[in-house]
Amino acid sequence: MEKKTIADVEVNDMIKAGLSMEEAKEFHKILKQTIAEAKGSDAREVWQKVVAKRMLMPWHPHRLHQLIYYSVYAHWDASINGPPLYWFPSLSQSKYTNLGRAMEIYGPKFLGASYKDPVTSFRLFQKYSVQHPDDYWSIILRELSIVFHEVPKCIIDTTNKSKHGGKWLPGSVLNIAECCLQPSSHPRKNDDSVAIVWSDESDNSKVNHMTLKELREQVMLVANALDATFAKGDAIAIDMPMTVSAVVIYLAIVLAGFVVVSIADSFAAKEIASRLRISDAKAIFTQDYIIRGGRKFPLYSRVVEANPHKAIVIPAIGSDVGIELRQQDLSWEDFLSSVNHLLRPNYYCPIYQPVDSITNILFSSGTTGEPKAILWTQLSPIRCASDAWAHIDIQVGDVYCWPTNLGWVMGPILLYSCFLNGATLALFHGSPLGRGFGKFVQDAGVTVLGTVPSLVKAWKSTNCTEGLDWTKIKSFCSTGESSNVDDDLWLSSRAYYKPIIECCGGTELASSYIQGCPLQPQAFGAFSTASMTTGFVILDENGVPYPDDQPCVGEVGLFPLYLGASDRLLNADHYKVYFKGMPMFKGMHLRRHGDILKRTVGGYFIVQGRADDTMNLGGIKTSSVEIERVCDRADEGIMETAAISVAPVDGGPELLVIFVVLKKGFNVEPDKLKMKFSKAIQSNLNPLFKVSFVKIVPEFPRTASNKLLRRVLRDQMKHELSLRSKI
Ligand SMILES: Nc1ncnc2c1ncn2[C@@H]1O[C@H](COP(=O)(O)OP(=O)(O)OP(=O)(O)O)[C@@H](O)[C@H]1O
């Protein structure tokens, strides 16, 4: 893309970007005025005014959005100014956010005269929350609908030094599913509050509603049926799309004191089998079919191949399962009929357990190797719902949608974030890739929409949201892997440039350790802060932390006191995975997370991939993500790129290899791309970096949750090089 400054943009450029002559002239006039109003030539101010005036509309062609955004920031030097900002908090609105409201009450008490307002004092308040977790978590326990059966003795007990993460809320007893299901005065939810809205793909003109009372009664009915079939403490798997039934089953398992084993519905039989074995699951809830994009995919047959002890099968459509079951299996209808003899089948007395009892066995994505079986306790939901409260600003009245599955950490996070904050959960029973999903977002009045980068890429490239109104959305969220800046520009523009809250954490943290925040300006693909109560350092190659105020790149070392983080693994040694070999810092044994973080000027964070994806090019350490960001924009035919490095067979410095997926209908020669990549990398990153190979492939290998598997590409390339060397 040419680098025109905003002052040089002409009517002609706007016509090229898709406006009619008339529209272009009008737009140009307003643009000129706006530039003049932004005193001086501060790009941030110009962009802020462009957004405030709503000059760029969701239905304008993306090329126009690109033209304006990239021209505004054409000469922005991120190494001096920090990342370009696209969203700015307003002081008045900040006081109505959850965190801003709490800061106005507690800020003066905690910070004394240093407290000014939620925007100015955010960083100080975050720091305070790290140093005084007792104060912060006491606020959160009042803000979320948490009701203890027995109250905690204190917030944290650190006397047992062998417990690296401390003992949180010791002595407390509760049932976290009950906290989701009961009415509460703060957050205000009553029996008639809408707990879930959903649509079926096959009839997505209809948005269905379920009240809190209806949800509670369904959950209690299933809890009674579970009691009729299982023994307390049994692990019970769920492998099905994240439908209303799946959510009901999840909550019922927790309410009745069993343990959920979360398995994503995209896994092959072998992977289902290993998860059932590791967790010793006594049964599995599944569906006969998965309906997706108008097609019917068998699920029960795949699950049965994994040989579960027992399967309980929910019909994807209607009330009858459309297949023959094994003898030991039960249809959903038969399973529920086990409560027919009860006087009050819709009532269940929750099983209260200590806060650190296990509720859910989850598996990490397996980006770095074997998936880890991670144990969620009742602390994990408190943690994730608190992130949603503080960083995503989930409030009563919000309709929160995030296409995911209970087998990915986002599934349980979404569920608890809604129900512990009194918001409505929005579920689409079908494929999130097409227009049907976009229409659901519009019709269900979704106010917060979560995504992963590959979804945004698909929506943008098919333009499937054209003509739909997404302007009720107050914020977007993104997680899973690094976002693409241009895709995020497109997404944010769907709702007049609402913030995209980046979330990066891990299944074992039950939360994000870095995140965006509605009290801070936001930059595409960047994180504005460590999450509330999270402390970390960025380590240099010798394991020595960089000073907190210094821009740098290195591996993150988390402070170990982290409410909700795992302290056990079922299939690996927790200490070895997360602590062994990590340095000490101020008397704390740092916790490993494995991400390479860049701290920019201005204190923003950019995830540069996993420590394993770091490469050494001619003695200079660099990250794949950094190279991909530059290459993604080197040619208009590029859909996405993946950068890896491999050691040559006969030794010497590592070779840089760029894999490319082209957009449909484009045909570009690898050699041409190689030149373009080299030029782009040399002028944007380092003049010494050289691209050795470019390989065009139809698609990238990904984990079942769609994360790019660079380690597989690396293995492929190593193999190819070793073959070549033998010729
Ligand atoms: N918004 C994001 N931007 C960049 N990277 C992200 C983002 N969100 C998550 N990630 C990456 O995903 C990781 C967390 O994913 P998850 O807990 O599912 O396990 P995994 O690390 O992918 O799998 P495993 O631990 O099995 O290798 C983060 O540490 C980070 O590397």
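What counts as what
Residues numbered from 1 in each chain as written. Predicted model: local features only at pLDDT ≥ 70, side-chain atom pairs only at ≥ 80, totals over all residues. Helix = DSSP H or I, 4+ residues; strand = E, 2+ residues; numbered from the N terminus. Buried ≥ 20, exposed ≤ 12 C-beta atoms within 10 Å, placed from the backbone. Domains from an automatic or database assignment. Contact = placed C-beta atoms within 7 Å. Nonpolar A, V, L, I, M, F, W, Y, C, P; charged D, E, K, R; others polar. Pairing = 2+ DSSP bridges. Axes fitted to C-alpha atoms, helices over the stretch in contact; angles between N-to-C directions. Expected span 1.5 Å × (residues − 1). Arc of directions from axis to C-beta.

Caption draft 1: Highlighting unusual backbone geometry. Cis rather than trans, the peptide bond between histidine 186 and proline 187 has omega equal to -5°. Mapped onto the elements, proline 187 comes out in the loop between α10 (176–181) and β4 (194–200). For alanine 510, which is not glycine, the phi torsion reads 60° and is therefore positive. With respect to the secondary-structure elements, alanine 510 resides in the loop between β20 (500–506) and β21 (511–515). Classification of alanine 510 as buried rests on a count of 30 C-beta atoms within 10 Å.

Caption draft 2: Local environment of the domain arrangement of the protein. Per the domain assignment, the segments making up the protein are domain 1 (6–76), domain 2 (91–172), domain 3 (176–595) and domain 4 (618–726). Centre-to-centre, using C-alpha coordinates, domain 2 lies 24 Å away from domain 3. On the domain 3 side, the residues contacting the 29 residues of domain 2 number 36 residues. Mapped onto the side of domain 2 that touches domain 3, the elements with two or more residues apiece are α7 (98–111), α8 (122–131) and α9 (133–143). In terms of residues, the side of domain 2 that touches domain 3 owes the most to one element, α9, which gives 5 residues. Partitioned by chemical class, the residues of the side of domain 2 that touches domain 3 number 15 nonpolar, 12 polar and 2 charged.

Caption draft 3: Spatial organisation of the sheet that holds strand β31 (residues 638–646). Strand order in this open sheet of 3 strands is β31-β32-β33, and the pairing throughout is mixed. Looking at strand neighbours, the two that pair on one side only are β31 and β33 (691–696), the edges of this open sheet. Between one strand axis and the next, the sheet turns through 25° on average, direction left out of account. Across 8 bridges, the pairing between β31 and strand β32 (residues 655–662) is antiparallel. For alanine 643, the partnering residue across the bridge sits in β32 and is isoleucine 658.

Caption draft 4: Local environment of the sheet that holds strand β19 (residues 475–478). Judged by pairing direction, the sheet is mixed, and its 9 strands sit side by side in the order β5-β4-β17-β16-β18-β19-β20-β21-β22 without closing on themselves. Each edge of the open sheet is held by one strand with a lone partner, namely β5 (203–211) and β22 (529–530). Note: β21 against β22, 2 bridges, orientation antiparallel. Its bridge partner lying in β22, glutamine 515 is registered against threonine 529. Most of the contacts of helix α17 (residues 410–419) go to strand β17 (residues 424–429), to which it runs at about 145°, and overall it touches β4, β16 (399–401) and β17.

Caption draft 5: Structural view of helix α2 (residues 21–37). Between its first and last C-alpha atoms α2 spans 24 Å; for 17 residues at 1.5 Å apiece the expected length is 24 Å, and the two agree. Every buried residue belonging to α2 is among Ala24, Phe27 and Leu31, and all of these are buried. Buried residues of α2, seen end-on, are gathered within an arc of 65° and therefore sit on one face of the element. Of the exposed residues in α2, those oriented more than 90 degrees away from the buried face are Glu22, Lys29, Ile30, Ala36 and Glu37.

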